[in-house]
Amino acid sequence: MGKLMRRLSTQDQDFQHAFTELLAFETVNDPELIKTVDQIIADVRQHGDAHVLKLTQQFDRHPAHQFSELELSQAALKTAFEGLDSEVRTALELSAQRIRTFHEAQKQEGWTYVDDLGNTLGQKVTPLDRVGIYVPGGLASYPSSVLMNAIPAHVAGVAEIIMVVPAPNGELNSLVLAAAYLAGVHRVFTIGGAQAVAALAYGTETIPRVDKITGPGNRFVAAAKRAVFGQVGIDMIAGPSEILVYTEGQNNPEWIAMDVLSQAEHDTVAQAILITPDEAFLNEVSDAIEAHLANLPKAEIARTSIANRGALVLVKDRAEAVELINQVAPEHLELCLDDTEAMSQDIRHAGAIFMGRFTPEAIGDYCAGPNHVLPTSGTARFSSPLGVYDFQKRSSLIMCSQQGVQTLAKTADILAQQENLDAHARSARYRYL
């Protein structure tokens, strides 16, 4: 027992090399993957609905004979919602309410001010017109992904939200449809993969072109999102799920072990790391992880994940741990301590920080309120969680007064001449001569 996850210590001579190798992961750079995705996108652009239907029949074995069968009605979404077990429905409604409350606080408003020359300057905030959200489908149930993507868009004021969700063999999870109804999704198409991303990005005869695509998917979806970026906006190129847990002991090792496994069960390439200065506690957690694997339904997935990309890391102290955490820039960070406030201030890079001994990452996935669409693969160094701000855009407002333009136009005239842009200079000069 206790031998499945690799052990690392900052005192090992080759620690930094081993730790860097542990973190290395490439999501969508496979040349064959890119070639395949580029061809799918080109075919969808050329053939529209017909090619999306063809690929949906081919890859998802969907029984639809015509494209219209791939769109679900609002009545179907409502039926799914009303058919939920009362306990499940209550849980879904509570989660939606908490997510909406949190994201309402993110909503940005425009602003203006008048400078000392009488010029009015400011910023106008406008919601996107139309967005597409990608939700993993089939028999798997990810209603939380629907809520986390659609609700912030609604709060931002997006006029139309289009959801795509694959339906292998024509099968859909009713909870996903119920979440779409509750979150106010306007149109739902049972398509997935790179073809769904292409349809959203460029439009087809039936699917209107969107302004931005958000939501997680497999590597084909990730590669397609990267390929269409620029044509439309995207939230991020999502990699495998990650969790980093820091503890100094004095926790229940069973709890910590299950927190580690909560991400490992997502995917065979998910990453779970435990960092602690307490070697005895590290051993207890390691044994608890293997004990839990004996009765975890997704044990094989979790076992592969922690064997290939997991690690138990022994550090000297909290300062060393902070340095490693900022190097990882984890998607999910648990600080399982009593005094988390001071340490959290030292964390510069993390998608979400779960603070205290009673805050498992799983709460954040469903009902805490903050968004669970988070930067992965170290991108928390420069990226943020999905939020209302992702569904709004900003325009600068500039209005010169008759007095103010005398100063600003002269300044612009001088600088434009220095850049050898004569038309710029004259345009400004006409306003003050």
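Located above this text is the structure these notes cover.
Residues numbered from 1 in each chain as written. Predicted model: local features only at pLDDT ≥ 70, side-chain atom pairs only at ≥ 80, totals over all residues. Heavy atoms only, no water.

## Quick word on the packing of aromatic side chains
- Under the criterion given, the structure shown has five aromatic pairs.
- Both rings, one in Phe81 and one in Tyr181, keep their centres 5.4 Å apart while their planes meet at 40°; by these two values the pair is tilted. Within this pair, whereas Phe81 is found in helix α4 (residues 74-82), its partner Tyr181 is found in helix α7 (residues 174-183), the two being separated by 100 residues in sequence.
- Ring geometry for Trp111 versus Tyr113: centroids 6.4 Å apart, planes at 15°, classification stacked. (Phe/Tyr/Trp six-rings, centres within 6.5 Å; stacked < 30°, edge-to-face > 60°. Helix = DSSP H or I, 4+ residues; strand = E, 2+ residues; numbered from the N terminus.)

## Notes on the nonpolar core
- Val146, Leu147, Met163, Val185 and Val188 are the most contacted members of the largest nonpolar core, which has 38 residues in total.
- At the level of secondary structure, the elements contributing two or more residues to this core comprise α4, α5 (86-104), β5 (130-134), α6 (143-156), β6 (160-164) and α7.
- If one sorts the elements of this core by residue count, α6 sits on top with eight residues.
- Aside from chain neighbours lying at most four places away, what touches Leu147 is Leu92, Ser95, Ala96, Ile99, Pro152, Ala179 and Ala183.
- In terms of nonpolar packing, the next biggest core, distinct from the first, is built from 33 residues, Val28, Leu33, Leu55 and Ile191 among them. (Core = buried A, V, L, I, M, F, W, Y, C linked by side-chain atoms within 4.5 Å. Buried < 20%, exposed > 50% of the residue type's maximum accessible area, 1.4 Å probe, protein only. Contact = heavy atoms within 4.5 Å.)

## Here we look at the sheet that holds strand β7 (residues 187-189)
- As summarised here, the arrangement of the six strands in space is β2-β7-β6-β5-β8-β9, forming an open sheet in which the pairing is mixed. Sheet topology places β2 (71-72) and β9 (233-234) at the edges, where each strand pairs with a single neighbour. (Pairing = 2+ DSSP bridges.)

## Concerning the pattern of salt bridges
- One pass over the full model with this rule turns up 13 salt bridges.
- Across the salt bridge formed by Asp30 and Arg219, the nearest N and O atoms sit 3.9 Å from each other. You can see Asp30 sitting in the loop between α1 (15-23) and α2 (31-47) and its partner Arg219 sitting in helix α9 (residues 219-228), a full 189 residues away along the chain.
- With a relative accessible area of 35%, Asp30 lands in the partly exposed category.
- Looking at Arg219, the relative accessible area reads 43%, which means it is partly exposed. (Salt bridge = Lys/Arg side-chain N within 4 Å of Asp/Glu carboxyl O.)

## Thoughts on the packing of α6 against α7
- Between α6 and α7, the least distance of the axes is 9 Å, while the angle of their chain directions is 15°. Put simply, α6 runs roughly parallel to α7. In this structure, the crossing between α6 and α7 has a hand that is right-handed. The residues of α7 that touch α6, namely those facing Pro143, Val146, Leu147, Ala150, Ile151 and His154, are Leu175, Val176, Ala179, Ala180 and Ala183.
- Looking at the contact of α6 with α7, its residues break down into ten nonpolar, one polar and no charged. (Axes fitted to C-alpha atoms, helices over the stretch in contact; angles between N-to-C directions. Parallel < 35°, antiparallel > 145°, perpendicular 65-115°, else oblique. Left-handed = near helix turned anticlockwise from the far one by under 90°. Nonpolar A, V, L, I, M, F, W, Y, C, P; charged D, E, K, R; others polar.)

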